[in-house]
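Notes for the structure review
Now for the letters of each chain:
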Amino acid sequence: MDSPLLPSGFAFSQSSLQDYSDCPRRFQLRFIEQLQWPAVEMEPALENERRQQEGQLFHRMVQQHLIGLPVEKLARLANTPDLSRWWENYLGHKFELSGYALRTELTLTAPVGTYRLLAKYDLVAVKPGARAFIYDWKTYHKRPRDEWMAARLQTRVYRAMLIHAGGFLNGGHPFLPEQIEMIYWYADYPTEPARLPYNTAQQKRDWDALTGLINEIGNHRHFPLAEDEKKCAYCPYRSYCNRGVKAGIIDEMAESEQIGSEVNFEQIAEIEF
Ligand code: SF4
């Protein structure tokens, strides 16, 4: 099936690029056709919805804490076992933020050909001329392997974009890759964050791969279904694609499938306090 061109100026994000990597058809349905398809992504559905809502609320609580809202006010919101445990773990963890300027919910964009690439960060902590930490909060119930996190498009987009569009945070000079480190902090594994430093070779490899991927998608007319049908078990389009109607089981998700229940600021609606 021929597909309409992506509009010029289309903003790619780590999640749309990850969709394309996982399944070109999912990218087409979600971002070109903009097709809403109300299949239940996982069973049990209510359990998945609860996890997503708790993940969103936790992200919002941390963001509000970092911009200065009092702990006592925020603590009242930790009213479920998961939220209460994550919040205690967060408050008890010694983050390396002393002396750093904190930018929460920072969005950076850069042109790539006729398109744009954007990154929305949970937190970027900066000491101009010295270091920058990219923090991302994860509420996964299973801790993924560091190698898997390092290969994710989120890691590759976030670190590269801080170089390409984050110079204004560093006195007007682009950061050196070696000054940047990405840290995934797991709310259920507070003492086992994934620390992913960066270097010049990785930066070149990632930027070449990202621009190549964006050009490839922009020139695509055919978006095949995922070869690996396991990708379909947690996909909302599976009945549309005739890849089954039964939802995957949430507790059987492999690390590569936890993305379906992931929270990031591209998805979070405003939560009032
Ligand atoms: S159901 Fe499978 S083939 Fe269809 S969009 Fe989802 S992952 Fe791709």
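Residues numbered from 1 in each chain as written. Predicted model: local features only at pLDDT ≥ 70, side-chain atom pairs only at ≥ 80, totals over all residues. Heavy atoms only, no water.

As a further point, take the overall build of the chain. If you tally the helices and strands in the chain, you get 8 helices and 8 strands. A total of 273 residues make up the chain; the buried ones form 49% of that total. Here the contacts in the chain between residues at least 6 apart in sequence split such that 71% fall between residues at least 24 apart. Accessible surface, the chain: about 12,800 Å² in total, of which carbon and sulfur atoms supply 53%. (Helix = DSSP H or I, 4+ residues; strand = E, 2+ residues; numbered from the N terminus. Buried < 20%, exposed > 50% of the residue type's maximum accessible area, 1.4 Å probe, protein only. Contact = heavy atoms within 4.5 Å. Areas by Shrake-Rupley, 256 points an atom, 1.4 Å probe, with all protein chains shown as cover.)

This brings us to the pattern of salt bridges. In the structure shown here, the tally under the stated rule is 20 salt bridges. For aspartate 146, the salt bridge identified is with arginine 143, shortest N-O distance 2.8 Å. Aspartate 146 gets classed as partly exposed once you look at its relative accessible area, which sits at 28%. A single network of salt bridges, built from pairs that share partners, joins Arg50, Glu54, Asp82, Arg85 and Asp188. (Salt bridge = Lys/Arg side-chain N within 4 Å of Asp/Glu carboxyl O.)

For the structure on display, the rule yields 3 cavities of 30 Å³ or more. For the second largest cavity, the calculated volume is near 90 Å³. In terms of residue class, the lining of the second largest cavity is made up of 7 nonpolar, no polar and 5 charged. (1 Å grid on protein atoms, 1.4 Å probe; cavity = no way out; pocket = protein on both sides within 12 Å on 5 of 7 lines; lining within 4 Å. Points joined across faces, edges and corners; volume = space filled by probe spheres on them. Nonpolar A, V, L, I, M, F, W, Y, C, P; charged D, E, K, R; others polar.)

In this section: helix H8 (residues 200-219). The end-to-end C-alpha distance of H8 is 29 Å, a good match for the 28 Å that 20 residues give at a rise of 1.5 Å each. What H8 keeps buried is the set Gln203, Asp206, Trp207, Leu210, Thr211, Leu213, Ile214, Ile217 and Gly218. For H8, the arc enclosing every buried residue in end-on projection is 155°, short of the 170-degree limit, so these residues lie on one face. Exposed residues on H8 whose side chains face more than 90 degrees from its buried face are Ala201, Lys204 and Asn219. On its buried side, H8 packs onto strand S1 (11-12), helix H1 (14-22), helix H2 (24-32), strand S3 (101-112), strand S4 (115-127) and helix H7 (153-165). A distance of 3.1 Å separates the backbone nitrogen of alanine 201 from a side-chain oxygen at the start of H8, and that oxygen is part of asparagine 199. (Expected span 1.5 Å × (residues − 1). Arc of directions from axis to C-beta. Polar contact = N/O pair within 3.5 Å; in protein donor to acceptor, adjacent residues only side chain to side chain.)

For the rest of this paragraph, the subject is the pairing of strand S6 (residues 180-186). Counting buried positions over the 7 residues of S6 gives 7, a clear majority of the element. Here S6 shows a buried face lined by Ile180, Met182, Tyr184 and Tyr186 and a second buried face lined by Glu181, Ile183 and Trp185. In terms of strand pairing, S6 meets strand S7 (residues 189-197) through 5 bridges, oriented antiparallel. By the bridge assignment, isoleucine 183 is partnered in S7 with arginine 195. (Pairing = 2+ DSSP bridges.)

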